[in-house]
Amino acid sequence: MIAKLLLAAGLSLAALAAQAAELPYVVYRGASVIDGTGAGPRPHMSILVKGDRIEKVWDATQLALKLPPDTKVVDVEGLYALPGLINSHEHLATPPVRAFAQAQLKRDLYGGITGVRDMADDLRLVGDLARETRIGAIPGPDIYYAALMAGPEFFDDPRTHAVTAGAVAGHAPWMQAIEARTDLKVAVALARGTGASAIKIYADLPGERVKAITAEAHRQGVPVWAHGAVFPASPQQVLDAQVDAVSHVCMLAYQASKALPRAYHNRAPVDYSAFMNGDNPLMTKLFSQMKRQGTVLDATVLVYAGLDARAAANPKGPKPYCTADLAARLTHQALRAGVTISAGTDGFSEPDDAYPGLHDELELLVARAGFTPLQAISAATLGGALAVTKDPDFGTLAPGKLANLVFVAKDPSADIKALRTVVLTVKRGVDYPRADYDPQSDAAARKEPQ
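This is a predicted model, so every value here is computed, not measured.

Novice: Honestly, the pairing of strand β1 (residues 25–33) in this entry has me stumped. Any pointers?
Specialist: Moving residue by residue along a regular strand, the side chains alternate between the two faces of the sheet. A large share of β1 lies buried, amounting to eight of its nine residues. Across seven bridges, the pairing between β1 and strand β2 (residues 42–50) is antiparallel. The residue bridging V27 from the neighbouring strand is L48, located in β2. In this structure, β1 lies alongside strand β4 (residues 72–75), joined through four bridges in parallel fashion. For V27, the partnering residue across the bridge sits in β4 and is V73.

In structure tokens form, the structure reads like this:
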């Protein structure tokens, strides 16, 4: 049957085999490899890429490999090679403005990022951007994106109207209001039809509904990404539903608060007194469950640093629901508990910054959350890949994986800030030299639309 379809499309199996055989070979020779697993640098390594896949990684001083004819050799001696970085929390299209999104994606790619999780936006634009970055029509990381589900009350939020213009918030396949009477088989199928990589469970849903959505999504082969608390669903109920990844470490802290907010908006701060005497036992229980289930934590420490900055600028304003200090301490506790942690920003660096905000998140993980540089790198590579899917073909530098690589001039295992010395990003086997990028050329487009 497959052969008939190929012939009908004007292709033969022999032609496809010949086409595959003609894929270009490139060897990046001489770098120190940091593979994303947490292992330290391996010097003098060479990486053979065929098409969009890594074919072989070897110690060039130990093995003289006979390379295929016409192999392109790229001298990367003295550089450090890592898997392409992954930002596990971006919002590219709320509201949907193409110039803004493309400028952010371009800075991401030339800043070493080859994959992003878009955590629910206007998927009409995001889907188009995902296609264009995937085929190389515009420079940018691969985009893995979520369709959102929440309780009907959430769709009073003006952001939901901005991302469903021309449709009805709560009744669009990418922004669905879920009630007790909702046919979840249909709702999940509609979300799948957007091309989404996952369903994001956002807010204003009881625990039994979070569990039912997750079960149906998994039955249809769709991962589920959720807030750490969905209000009124508690963190414990979110984890009991067996979602695949949770976002915002401080939302988990509501499990230790005396009273759980009943709704997403206007929630009170977490109960800081519960964390005055070291590790809270309720959090210990949650993190143990996350490790056991393989639930990924998208910690977003940068979000809480931003809340601190806004509170400092407006001392008479409302208090943030959590501080960066508590977020960092909880993230460190999760790390010690063996939870898989991904690096996400839920925001962007300033328009004039030369590098994307993921670098700020990684530096916070090291400076405030007790990560070693290698642990932070793993959060932005393997951890980010696992936040997307349980069986990723990216996120580590190994044979068979996608040829998503970043080469930097200095050793990031010694200083995480060395990731800001990008020389070359490779996405799906295509080179993007940093020298080709002027970060100020589209700084104006990176100003967040109102």
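Having seen the model, we can carry on.
Novice: What's the story with the packing of helix α3 (residues 98–110) against helix α4 (residues 123–135) in this structure? I'm lost.
Specialist: When two helices pack together, their arrangement is captured by the angle between the axes and the distance separating the axes. Packing of α3 against α4 leaves a shortest axis separation of 11 Å and a crossing angle of 40°. When the interaxial angle is binned, α3 and α4 end up oblique. The chirality of how α3 crosses α4 is right-handed. In this structure, α3 uses R98, A101, Q102 and L105 to contact α4, whose residues at the interface are L125, D128, L129, E132 and T133. Here the contact of α3 with α4 is composed, by residue class, of four nonpolar, two polar and three charged.

Novice: How do you make sense of the state of the cysteines when you look at a structure like this?
Specialist: Such a bond, covalent and formed between the sulfur atoms of two cysteines, is termed a disulfide. In the structure shown here, the tally under the stated rule is one disulfide. Covalently, C250 is tied to C322 through a disulfide, its sulfur atoms 1.9 Å apart. With the S-S dihedral at roughly -45°, the linkage between C250 and C322 falls on the left-handed side. In this pair, C250 is assigned in helix α9 (residues 249–252) and C322 in the loop between α11 (301–313) and α12 (324–336), connecting sequence segments 72 residues apart.

Novice: Just checking my understanding: could you explain the environment of V408 for this structure?
Specialist: As for its placement among the helices and strands, V408 is situated in strand β16 (residues 405–408). Sequence separation between V408 and V423 is 15 residues; the distance between their C-alpha atoms is 5.3 Å. Ignoring anything within four residues of it in the chain, the contact list for V408 reads L79, Y80, L82, A418, L419, T421, V422 and V423.

Novice: Is there a simple way to explain the pairing of β2 in this structure?
Specialist: Sheet topology note: the β2/strand β3 (residues 53–59) ladder contains six bridges and is antiparallel. Bridge pairing in β3 links M45 to D59. Following β2, the chain reverses through two residues before pairing antiparallel with β3; G51 in that reversal takes a positive phi of roughly 65°.

Novice: Mind showing me how you'd approach the packing of aromatic side chains here?
Specialist: For any pair of aromatic rings, geometry is given as the distance between the ring centres together with the angle between the planes. This structure, assessed with the given rule, holds twelve aromatic pairs. Each ring, one from Y110 and one from Y432, has its centre 5.9 Å from the other, and the planes form 85°; the classification is edge-to-face. Placement of the pair is Y110 in helix α3 and Y432 in strand β18 (residues 430–433), with a sequence separation of 322 residues. Exposure remark for Y110: the relative accessible area of 10% places this residue in the buried category. Accessibility expressed as a relative area gives 13% for Y432, which makes it buried.

Novice: Where do I start with the pattern of salt bridges in this structure?
Specialist: Pairs may arise between side chains of opposite charge once their charged atoms sit close together. One pass over the structure, following the stated rule, counts 17 salt bridges. A salt bridge links D279 to R336; the nearest nitrogen and oxygen atoms lie 3.0 Å apart. With D279 in the loop between α9 and α10 (281–293) and R336 in helix α12, the pair connects residues that are 57 residues apart, well separated along the chain. On the basis of relative accessibility, which here comes to 47%, the residue R336 falls in the partly exposed class. Close ionic contact of R446 with D442 constitutes a salt bridge, the shortest N to O distance being 2.7 Å. The same class applies to R446 and to D442, which are both buried. Each of D52, R53 and D393 takes part in salt bridges that share partners, so that together they form one network.

Reading the values: the criteria
Residues numbered from 1 in each chain as written. Predicted model: local features only at pLDDT ≥ 70, side-chain atom pairs only at ≥ 80, totals over all residues. Heavy atoms only, no water. Buried < 20%, exposed > 50% of the residue type's maximum accessible area, 1.4 Å probe, protein only. Helix = DSSP H or I, 4+ residues; strand = E, 2+ residues; numbered from the N terminus. Pairing = 2+ DSSP bridges. Axes fitted to C-alpha atoms, helices over the stretch in contact; angles between N-to-C directions. Parallel < 35°, antiparallel > 145°, perpendicular 65-115°, else oblique. Left-handed = near helix turned anticlockwise from the far one by under 90°. Contact = heavy atoms within 4.5 Å. Nonpolar A, V, L, I, M, F, W, Y, C, P; charged D, E, K, R; others polar. Disulfide = S-S within 2.5 Å. Phe/Tyr/Trp six-rings, centres within 6.5 Å; stacked < 30°, edge-to-face > 60°. Salt bridge = Lys/Arg side-chain N within 4 Å of Asp/Glu carboxyl O.

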